[in-house]
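Listed below are the residues making up each chain.
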Amino acid sequence: MSIPQFLYAIALVGTLSSSIFIALVFVAAVRYRRFRPAIDAAPDIAPPPVSLLKPVHGAEPLLRENLESFFHLDYPRYEILFCARFDDDAGLTVARELAAEHPAISTRFLVTGEPHYVNAKVHSLEVMAAAAENEILVVSDSDVHVEPDYLREVVEPFLRVIPGHLPVGLVTCIYRGVPAAGFWAGLEALGMSVEMTSGVLVANMLEGMKFALGPTMATRQECVRKIGGWGVLANYCADDYVLGSLVSQSGYEVVLSRHVIEHIVLNRSLKESLLHQVRWMRSTRFSRPWGHLGTGLTFAMPFGLLGLLLAIWGQHPAWGIALFVWAVVSRIAQSLLVGWGITHDPRALARAWLYPLRDLLGFFLWCASYLSSEITWRGECYRLVAGGRMVKSEP
């Protein structure tokens, strides 16, 4: 087999695998839209009180708007616990100002000092959970914006009684990316709305939810105690994935809520955006090594572009052009189907023509995830090891 023939075979195989993936995405998206749990008896009780856990770290763009959305929730009884490393943290200052403007909402402020764990967020969660007054805990990141019905939607699965189902131990949400500003933040946000959601929907369809998504994780205190406490997540980068996995293994159901939240993308420069996305890819590579390896076959544009180059080279020109056109069309369709149809992201509709570029970039980020085990998080350097654990390293 000549080199052109070998490259053409790669283009064909990649196009076939990415086409199978987009077919799975279509089925998973329809299933997600149509699925309604067969509730046998929904208890006629008032919504249980909830403790919202909000770790903060510094003043980031749109922080005030994001945090304030949690003071306007249409929910009868909830408290918000904010936590930072130090009392003078700028994010904690913003939270205090908002609490003063909304005195009707029960709010508390906690500090941890220097974290005891490699993953500082887990230390904050442990401190807040210990102080929380309620059994149901809802963890959400500081760069998340929610609608007033957020808590009602997220807590609702805990109230279900479904024949043959395990008790619900954790609820998580898909999200649409919202760029703070700039082209690169917009492209990264598009990947969140489309690429991330596509993978989650397919995983949920094929094997059920065995993981959680960090921007929102609602769980019970008893579930966390059963898995060994928050400390079991102390050294993991993908603490959300590990939490969902452990809860699932402990005999509880992990539910993907139908509520969609907004995740603000703060990385305005190309460098910041690439570093953030490579960190996420690298974390996934260590947390789910085989699944991450297979992700390389879900991208369409690298194989379509390879087909186009072969067409220009003169090897099977008609087929090469057809592969490229199909790659572009299928990725635009994916942006419309998932980005607009599932996450209701208006940018995925208006900029669907840009998603083929995001798909191509995603492939190169996937390749880059195998070049090193080093990541930078909150200005500190770590090395990832087997299972997704982090070891602090020098920059």
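For the structure, see preceding data.
Reading the values: rules and limits
- Residues numbered from 1 in each chain as written.
- Predicted model: local features only at pLDDT ≥ 70, side-chain atom pairs only at ≥ 80, totals over all residues.
- Heavy atoms only, no water.
- Helix = DSSP H or I, 4+ residues; strand = E, 2+ residues; numbered from the N terminus.
- Rg over C-alpha atoms; globule rule 2.2 N^0.38 Å.
- Buried < 20%, exposed > 50% of the residue type's maximum accessible area, 1.4 Å probe, protein only.
- Pairing = 2+ DSSP bridges.
- Phe/Tyr/Trp six-rings, centres within 6.5 Å; stacked < 30°, edge-to-face > 60°.
- Lys NZ or Arg CZ within 6 Å of the ring centre and 35° of its normal.
- Core = buried A, V, L, I, M, F, W, Y, C linked by side-chain atoms within 4.5 Å.
- Contact = heavy atoms within 4.5 Å.
- Axes fitted to C-alpha atoms, helices over the stretch in contact; angles between N-to-C directions.
- Polar contact = N/O pair within 3.5 Å; in protein donor to acceptor, adjacent residues only side chain to side chain.
- Expected span 1.5 Å × (residues − 1).

Undergrad: Quick one: what's the story with the overall build of the protein chain, residue by residue and with numbers?
TA: The number of helices and strands found in the protein chain is 14 helices and 11 strands. Expected size for 395 residues packed as a compact globule is a radius of gyration near 21 Å; at 22 Å, the protein chain falls within 12% of this value. By principal-axis analysis of the C-alpha atoms, the protein chain measures approximately 70 × 55 × 40 Å. The buried share among the 395 residues of the protein chain stands at 54%.

Undergrad: Quick one: what's the story with the sheet that holds strand β1 (residues 50-55), residue by residue and with numbers?
TA: With mixed pairing, the 8 strands of this open sheet are ordered in space as β3-β2-β1-β4-β7-β6-β8-β5. Since the sheet does not close on itself, it has two edges, and those belong to β3 (106-111) and β5 (144-145), each with one partner. Strand direction decides the pairing type here: β1 and strand β2 (residues 78-84), joined by 6 bridges, are parallel. Bridged to Val50 within β2 is Tyr78.

Undergrad: How would you summarise the packing of aromatic side chains if you had to cite specific residues and measurements?
TA: The relative placement of two aromatic rings is captured by the distance of their centres and the angle of their planes. One pass over the structure, following the stated rule, counts 10 aromatic pairs. Their ring planes at 20 degrees and their centres at 6.4 Å tell us that Phe211 and Tyr241 sit as a pair that is stacked. A residue pair is termed long-range when its members are at least 10 positions apart, and Phe211 in the loop between α6 (183-207) and β7 (216-220) and Tyr241 in helix α8 (residues 239-249) qualify at 30 residues. Look at Phe211 and you get buried, because its relative accessible area is 10%. Residue classification places Tyr241 among the partly exposed residues on the basis of a relative accessible area of 24%. Between the aromatic rings of Phe363 and Phe364, the centroid separation amounts to 5.8 Å while the plane-to-plane angle is 65 degrees, which identifies the pairing as edge-to-face. Overall, the relative accessible area of 48% leaves Phe364 in the partly exposed class. Seen from the ring of Phe109, Arg96 lies directly overhead, with NZ or CZ sitting 5.2 Å from the centre. Its guanidinium or amino end placed over the ring of Tyr32, Arg258 lies 5.3 Å from that ring's centre, counting from NZ or CZ.

Undergrad: Please give an account of the nonpolar core that cites residues and values.
TA: As a rule of thumb, soluble globular proteins bury nonpolar side chains together. Formed by 88 residues in total, the largest nonpolar core has its most connected members in Leu52, Tyr78, Tyr150, Leu151 and Trp230. In terms of residues, this core owes the most to one element, α6, which gives 10 residues. Ignoring sequence-local partners within four residues, the contact set of Tyr78 consists of Val50, Leu52, Phe70, Phe71, His72, Leu73, Ile105, Ser106 and Leu151. The next biggest cluster of nonpolar side chains, apart from the first, holds 9 residues, and it includes Phe299, Leu361, Phe363 and Ala368.

Undergrad: How would you sum up the sheet that holds strand β9 (residues 374-377)? Please name residues and give values.
TA: Strand order in the open sheet formed by 3 strands is β9-β10-β11, and the pairing between neighbours is antiparallel. Pairing within the sheet leaves two strands with one partner each, and these edge strands are β9 and β11 (389-392). Neighbour to neighbour, the strand axes of the sheet diverge by 45 degrees on average, direction disregarded. Here β9 runs beside strand β10 (residues 380-385); their pairing, made up of 4 bridges, is antiparallel. Among the inter-strand pairings, Glu374 is bridged to a residue of β10, identified as Arg383.

Undergrad: With reference to specific residues and values, describe the environment of Ala333.
TA: Mapped onto the elements, Ala333 comes out in helix α12 (residues 317-340). On the accessibility criterion, Ala333 (39% relative accessible area) is partly exposed. Linking Ala333 and Ala352, residues 19 residues apart in sequence, is a C-alpha distance of 7.8 Å.

Undergrad: Talk me through the environment of Glu195; I want residue IDs and the actual numbers.
TA: Along the chain, Glu195 falls in helix α6. The spatial distance from the C-alpha of Glu195 to the C-alpha of Tyr370 is 19 Å, given a sequence separation of 175 residues. Not counting the four nearest positions on each side in its chain, Glu195 is found in contact with Leu190, Trp280, Met281, Phe299, Tyr355, Arg358 and Gly362. Only 3.1 Å separates the side chain of Glu195 from the side chain of Arg358, close enough to count as a polar contact.

Undergrad: So what's going on with helix α4 (residues 120-131)? Residues and values would help.
TA: In a regular helix each residue adds 1.5 Å, so 12 residues correspond to 16 Å; α4 covers 17 Å between its end C-alpha atoms and thus fits that length. Capping the start of α4 is the job of one residue whose side-chain oxygen sits 3.1 Å from the backbone nitrogen of Lys121: Asn119.

Undergrad: Lay out unusual backbone geometry with the relevant residues and their values.
TA: At Leu62, a residue that is not glycine, the phi angle is positive and equals roughly 65 degrees. Looking at Leu62, the relative accessible area reads 35%, which means it is partly exposed.

Undergrad: Just give me the short version of the side chain of Ser198, but keep the residues and values in it.
TA: Locating Ser198 in the fold gives a position in helix α6. Residue classification places Ser198 among the buried positions, given a relative accessible area of 0%. Among the polar contacts listed, one links the side chain of Ser198 to the backbone oxygen of Val194, at a separation of 2.6 Å. Once residues within four sequence positions are removed from consideration, Ser198 is found in contact with Phe21, Val25, Gln334 and Val338.

Undergrad: Lay out the environment of Pro302 with the relevant residues and their values.
TA: With respect to the helices and strands, Pro302 occurs in helix α11 (residues 301-313). Separated by 159 residues in the primary sequence, Pro302 and Asp143 place their C-alpha atoms 32 Å from one another.

Undergrad: Quick rundown of the side chain of Ser124? Include the residues and the values.
TA: Mapped onto the elements, Ser124 comes out in helix α4. With near-sequence residues (within four places) excluded, Ser124 lies in contact with Pro55, Cys83 and Thr112.

Undergrad: Residues and numbers for helix α9 (residues 270-287), please.
TA: In this model α9 runs 26 Å from its N-terminal to its C-terminal C-alpha over 18 residues, within 8% of the 26 Å that 1.5 Å per residue would give. Buried-residue contacts for α9 involve α6, α8, α10 (289-295), α14 (355-368), β9 and β10.

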